[in-house]
Amino acid sequence: MAESLPLEMLTYILSFLPLSDQKEASLVNRAWYCAAQNALREANVQYNIPVSSASLPAIKSLGLRGISCISLTNLDGSPTSQQVLQSVACHLGPHLQSLCLGGGSPTEASFVALILGCPALRILDLSGCNSLFTSGMLLAQPETAQNVRQALSGLCELNLAGLRDLGDFSFNQLGSCAPNLERLSLAYCHLTFQLGAAQGPISTQDSYFSKLSFCNVLRFIKERASRLRALDLSGTGLPPEALQALGQVAGLQLQELSLHSCRDLSTEAVATLCRQQPRLTSLDLSGCSELTDGALLAVSRGLQHLQCLNLGKLQRLTDAGCTALGRLRELRSLDMAECCLVSGQGLAQALGSVHGAPSPLTTLRLAYCSSLKDASVLSVISALGLRLRVLDLSSCMTLTNRTIQAICTHLTHLSVLRLAWCQELQDWGLLGLQEPSEEPALGPQLHPELEQQASEPFLEPQGPSLLMLQALQELDLTACSKLTDASLAKVLQFPQLRQLSLSLLPALTDIGLEAVARGCPSLEHLSLSHCSRLSDEGWAQAAGSWPRLQHLNLSSCSQLTEQTLDIIRQVCKQLRVLDVAMCPGINVVAIRRFQAQLPQVTCIQSRFVGGADLTLTL
């Protein structure tokens, strides 16, 4: 029946699949291949192209398919890089809309030639491309600047993050080439702040070697105020007076602003910003360590349309400030990781203040909030609605089985659940069983009742077990050291799961590994580091279920030998990253042979393999 469907309908159906499933579908037949390629093209998937002569045929093939979004890696000033850039301009340039050169070192001549061949660009990422800006003379020739200006006339987004040598002249020249710019990132650039300096234009001769100044950036923002919608000044050391000057620019109506790690910002400066820019929908204040509850109160009063708020690492934030979040009725994403004074009571009160309507939150991150307790987290969970897709409670070390069972009861639509280092979680919680009254034995040992369950393969978990979360695509149980095969073998049955971490689980054995392989066949990222009871025999049984694995971490698995490497090489043909560091049973010769036979593996971590003596390194 599928063969009789029109190509457009088949494309539409495949567009609902995850990227890896679309790749698999493209192998069925020619019609499915064409439909899958159309679906990938419509989704604007970014293709990562390593700069080498081997990539030239792939670039030509991508050009024939009309690919519009690429990222070039390992770019430098070599003849091979120039050849690749010429090929990109020739085959991909006419329809290329998004180009990332992040971290590369292209020459100015090759960069200009590439840009001139890409007249449809809307997104340009030059983050970390310091070689372009070292001379301070980028686009100094008027004719070259004019040609680049025509090519970039439609550019909407420019990323200049991490450019240590970016100066006023180069910034002005490149900025003048993008008259329709809407999004600009200067994160972690070296800005100088002299707000009392003259506001007149900087002479060309003086600006060649001058560092990027905030006065110059502010002048640019004033010129583009009517169009600019998103600005990233993270890590620039922005002082309070500079933020105030930014917020009061006439005609500026920002929708997104990132100020991550601007540690000098004050609560008063943030309050002023919220009055000046009331249309903000996304605000990142993470790492602004001087902010207090007053900043959150100002945000809740002034930014009624806020949808995304990042407050990570605000060590002075307390529950009193969190209660103000109830005013943000459109909030979709909230990050309060590492807010160590937040116990969750204020957040629960804020979420419960939305009368008659479920919380609109889709993402909630509370990792490393060490004051969180079961009682407050249960209140938060009960106030959250079925819209929540991402929940991060990593390193909330006092949470127990009550929390996991509440999650399984109320948040059944979760796609991402992170519980790393929640060391009080036990098999009972994952299985949905009532915990026995007697004290458990020391260490991750099986209770007699759990041992009976583990021996009965057809016995299903009872109550709100982890099996309720059938939409999970990512699960992190790292260092939940009381978990054993008794629960893992029963509840890890998620056909859509793409990413799983079971690292630092001392009781995980081959039995559990084989059960996970049967229950989670779609895994692409798997971490099993420091699982010392896993053996070659277990991997021989499990690996066949994971043909899609791309990232695999087996570091410090002391029983594994080169036999496991042979099995991985035979089965996991899509593997890209492998970590076997500190595996005494695997030697360097076996790793070299593995890499030679599976050349698509781009990264192999192999520190201290083969039983190396670590006494001199500790």
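These remarks concern the structure in this document.

About the criteria used
- Residues numbered from 1 in each chain as written.
- Predicted model: local features only at pLDDT ≥ 70, side-chain atom pairs only at ≥ 80, totals over all residues.
- Heavy atoms only, no water.
- Helix = DSSP H or I, 4+ residues; strand = E, 2+ residues; numbered from the N terminus.
- Buried < 20%, exposed > 50% of the residue type's maximum accessible area, 1.4 Å probe, protein only.
- Contact = heavy atoms within 4.5 Å.
- Areas by Shrake-Rupley, 256 points an atom, 1.4 Å probe, with all protein chains shown as cover.
- Axes fitted to C-alpha atoms, helices over the stretch in contact; angles between N-to-C directions.
- Parallel < 35°, antiparallel > 145°, perpendicular 65-115°, else oblique.
- Salt bridge = Lys/Arg side-chain N within 4 Å of Asp/Glu carboxyl O.

### Focus on the overall build of the protein chain
Okay, so step 1: Each helix and strand counted, the protein chain has 24 helices and 20 strands in total.
Okay, so step 2: Counting the 618 residues in the protein chain, one finds 53% classified as buried.
Okay, so step 3: When contacts within the protein chain are restricted to residue pairs at least 6 apart in sequence, those whose partners lie at least 24 apart make up 78%.
Okay, so step 4: When the accessible surface of the protein chain is totalled, it reaches about 26700 Å², and 52% of it is carbon and sulfur.

### Observations concerning the packing of helix α23 (residues 562-571) against helix α24 (residues 588-597)
If you want to describe how two helices pack, look at the angle between their axes and the distance between the axes.
Okay, so step 1: Contact pair α23 / α24: the axes reach a minimum separation of 10 Å and the direction vectors enclose 5 degrees. Accordingly, the angle class assigned to the pair α23 and α24 is roughly parallel. Here Glu562, Leu565, Ile568 and Arg569 of α23 come into contact with α24, specifically with Ala590, Ile591, Arg593, Phe594 and Gln597.

### Quick notes on the pattern of salt bridges
Okay, so step 1: Taken as a whole and assessed by the stated rule, the structure comprises 9 salt bridges.
Okay, so step 2: When the shortest N-O distance is used, the salt bridge between glutamate 157 and arginine 183 registers 3.5 Å. Residue glutamate 157 is located in strand β5 (residues 157-159), and its partner arginine 183 is located in strand β6 (residues 183-185); the two are separated by 26 residues in the primary sequence.
Okay, so step 3: We classify glutamate 157 as partly exposed; its relative accessible area is 27%.
Okay, so step 4: As a salt-bridge pair, glutamate 256 and arginine 183 come within 2.8 Å of each other at their nearest N and O atoms.

### With respect to the environment of threonine 362
Okay, so step 1: Counting through the fold element by element, threonine 362 comes out in the loop between α15 (345-352) and β12 (363-365).
Okay, so step 2: With 29 residues separating them along the chain, threonine 362 and serine 333 place their C-alpha atoms 6.0 Å apart.
Okay, so step 3: Threonine 362 has contacts with Arg332, Arg387, Leu388, Arg389 and Val390, leaving out every residue within four places of it along the chain.

Any functional reading would require information that these geometric values do not contain.
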